[in-house]
Amino acid sequence: MKIYAVSDGPPSLAVRMALKALNIPHEHISVDFGAGEHMTDEYAKMNPQKEIPVLDDNGFFLSESNAILQYLCDKYAPESSLYPKDATLRAVVNQRLCFNLAFLYPNISAYVMAPIFFDYQRTPIGLKKLTMALSAFETYMSRTGTNFVAGNNLTIADFPLVTSVMCLEGINFDMTAYPLISKWYAGFKQQFPDLWSISAAGMAEIAEFEKNPPDLTGMEHPIHPIRKVQK
C-alpha cells in the first residue's frame, strides 16, 4: 500500500493518522506541492482531480480523504470502533466527516491556507465565514456532550477535524470563544501523542510558512493566483 501525501496538508495528515491508528503497513510517498507534482499527467492517472492525497492499494487508486478513511476501516479493520457498524453511530461519524469537508475546512483553508500559499488576503468576510463554521462545530460539541466529535470514543471523524483546527493553531488563531472545541483538541493531543505527532510536524511547517511564505513562482496553477516574489 502506498499513500501519496504532503507533509502539511490536513487531508493528507488525517489519512496518515488513520493508517497509524490502524497499524496498516504502507509506504508514504511525499508529493512535492511546490514543484506541482500533483498537477502532472502522470499524477492525473491516479487522480483526475489532481488533488492530494491518493491511496494506491495494490493498484486500486482512491482519492478523497474521507473515502480513504472509510475504505481503510471497512477493508482492514471492519470491527474497529474507529468506524462503528451501528447505523446511528456511523451516521454521526459520516455527518462530521461531511461537515468538515463541506463547511469547516473550506473556510479554514480559505482564511488560513490560501493566503499562505497563494496571492490571497485574509478578509473580514473570510473571518465571518470561519467563525460561523466554528460556532456550528462548537454547537455540535455542546449538543452531544461527548469527549470526541462523534461520540465518547475516538473515530475517523476526529482525524480531519483535528487537522483542520491544527491550521488555526498554526497561525495562533484565538480560540477563546470555542471552549468545547479547545477542550476536545487538547484532549486529543494528550491522549494520542503518537497520532498528534503527525499533525504537530505539519503544524510546524504551517507556522513557519505563516512567517515566511513559500516561493511557488515555479508553479502554474489553473485556479489560484501565484504570489509574485520580489527578488
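The sections below set out a description of the structure shown in this document. Here the structure is a predicted model, which is why all the values come from computation and not from measurement.

1. Regarding the state of the cysteines
- For the structure on display, the rule yields 0 disulfides.
- You can see Cys-98 has no disulfide; the closest cysteine sulfur is in Cys-73, sitting 15 Å from it.
- The structure places no disulfide on Cys-167, whose sulfur is separated from the nearest cysteine sulfur, that of Cys-98, by 19 Å.

2. Some remarks on the pairing of strand β3 (residues 54-57)
- Burial along β3 is two-sided: Val-54 and Asp-56 and Leu-55 and Asp-57, pointing in opposite directions, are all buried.
- Of the strand pairs in this sheet, strand β1 (residues 2-5) and β3 are connected by 3 bridges, and their pairing is antiparallel. Its bridge partner lying in β3, Lys-2 is registered against Asp-56.
- Where β3 lies against strand β4 (residues 60-63), 4 bridges are found, and the strand directions are antiparallel. Within the sheet, the bridge partner assigned to Leu-55 lies in β4 and is Leu-62.

3. Let's talk about the pattern of salt bridges
- The full count for this structure, using the stated rule, is 6 salt bridges.
- The residue Glu-79 makes a salt bridge to Lys-85 at a minimum N-O spacing of 2.9 Å.
- Its relative accessible area of 64% is what places Glu-79 among the exposed residues.
- Taking the relative accessible area as the measure of exposure, Lys-85 reaches 57% and is therefore exposed.

4. Thoughts on the packing of helix α1 (residues 10-21) against helix α8 (residues 193-211)
- Running from amino to carboxyl end, α1 crosses α8 at an angle of 160 degrees, the nearest separation of the two axes being 9 Å. Classified by the interaxial angle, the pair formed by α1 and α8 is roughly antiparallel. Considering only the axes of α1 and α8, their crossing is right-handed. Of the residues in α8, those touching α1 at Leu-13, Arg-16, Met-17, Lys-20 and Ala-21 are Asp-194, Leu-195, Ile-198, Ser-199 and Gly-202.
- Class assignment of the residues belonging to the contact of α1 with α8 gives a composition of 5 nonpolar, 2 polar and 3 charged.

5. Points about helix α7 (residues 179-191)
- Its 13 residues give α7 an end-to-end C-alpha distance of 18 Å, which sits within 8% of 18 Å, the value for a rise of 1.5 Å per residue.
- Those residues of α7 that sit buried are Ile-181, Trp-184, Tyr-185, Gly-187 and Phe-188. Seen along its axis, α7 keeps its buried residues to an arc of 160 degrees; they face one direction. Seen from the buried face of α7, the exposed residues on the opposite side, beyond 90 degrees, are Lys-183 and Gln-190.
- Among the structural elements, α1, α5 (124-144), α6 (158-170) and α8 are those in contact with the buried residues of α7.

6. Some words on the environment of Ile-3
- Within the element layout of this structure, Ile-3 appears in strand β1.
- Assessed through its relative accessible area of 0%, Ile-3 is described here as buried.
- Among all residues touching Ile-3, those that are not within four sequence positions of it are Val-15, Leu-19, His-26, Glu-27, His-28, Ile-29, Pro-53, Val-54 and Leu-55.

7. Some thoughts on the nonpolar core
- In terms of nonpolar packing, the biggest core is built from 65 residues, with Leu-72, Phe-137, Phe-159 and Trp-184 touching the most fellow members.
- For this core, the secondary-structure elements that each account for two or more residues are β1, α1, α3 (65-76), α4 (87-117), α5, α6, α7 and α8.
- A total of 11 residues in this core trace back to one element, the largest contributor, which is α4.
- Among the nonpolar cores identified, the runner-up in size contains 7 residues, and Tyr-4, Val-31, Tyr-43 and Ile-52 belong to it.

8. Considering the side chain of Arg-227
- Looking at the element boundaries, Arg-227 is found in the segment after α8.
- Of the side chains with opposite charge, Asp-119 comes closest to the buried, unpaired Arg-227, at an N-O distance of 5.0 Å.
- Engagement of the side chain of Arg-227 in a polar contact is seen with the backbone oxygen of Pro-115, the distance being 2.5 Å.
- Polar side-chain contacts of Arg-227 include one of 2.9 Å to the backbone oxygen of Phe-118.
- Setting aside chain neighbours within four positions, we find Arg-227 in contact with Pro-115, Ile-116, Phe-117, Phe-118, Asp-119, Pro-213, Pro-214 and Thr-217.

9. As for unusual backbone geometry
- Looking along the chain, the bond that leaves Ile-52 and enters Pro-53 is cis, with omega of 10 degrees.
- Structurally, Pro-53 can be placed in the loop between α2 (41-46) and β3.
- Phi at Glu-64 is positive, roughly 70 degrees, even though this residue is not glycine.
- Relative to the elements of secondary structure, Glu-64 occurs in the loop between β4 and α3.
- One non-glycine residue, Asn-172, adopts positive backbone phi at about 60 degrees.
- By the secondary structure assignment, Asn-172 is in the loop between α6 and α7.

The rules behind the values
- Residues numbered from 1 in each chain as written.
- Predicted model: local features only at pLDDT ≥ 70, side-chain atom pairs only at ≥ 80, totals over all residues.
- Heavy atoms only, no water.
- Disulfide = S-S within 2.5 Å.
- Buried < 20%, exposed > 50% of the residue type's maximum accessible area, 1.4 Å probe, protein only.
- Helix = DSSP H or I, 4+ residues; strand = E, 2+ residues; numbered from the N terminus.
- Pairing = 2+ DSSP bridges.
- Salt bridge = Lys/Arg side-chain N within 4 Å of Asp/Glu carboxyl O.
- Axes fitted to C-alpha atoms, helices over the stretch in contact; angles between N-to-C directions.
- Parallel < 35°, antiparallel > 145°, perpendicular 65-115°, else oblique.
- Left-handed = near helix turned anticlockwise from the far one by under 90°.
- Contact = heavy atoms within 4.5 Å.
- Nonpolar A, V, L, I, M, F, W, Y, C, P; charged D, E, K, R; others polar.
- Expected span 1.5 Å × (residues − 1).
- Arc of directions from axis to C-beta.
- Core = buried A, V, L, I, M, F, W, Y, C linked by side-chain atoms within 4.5 Å.
- Lys, Arg positive; Asp, Glu negative; His and termini not counted.
- Polar contact = N/O pair within 3.5 Å; in protein donor to acceptor, adjacent residues only side chain to side chain.

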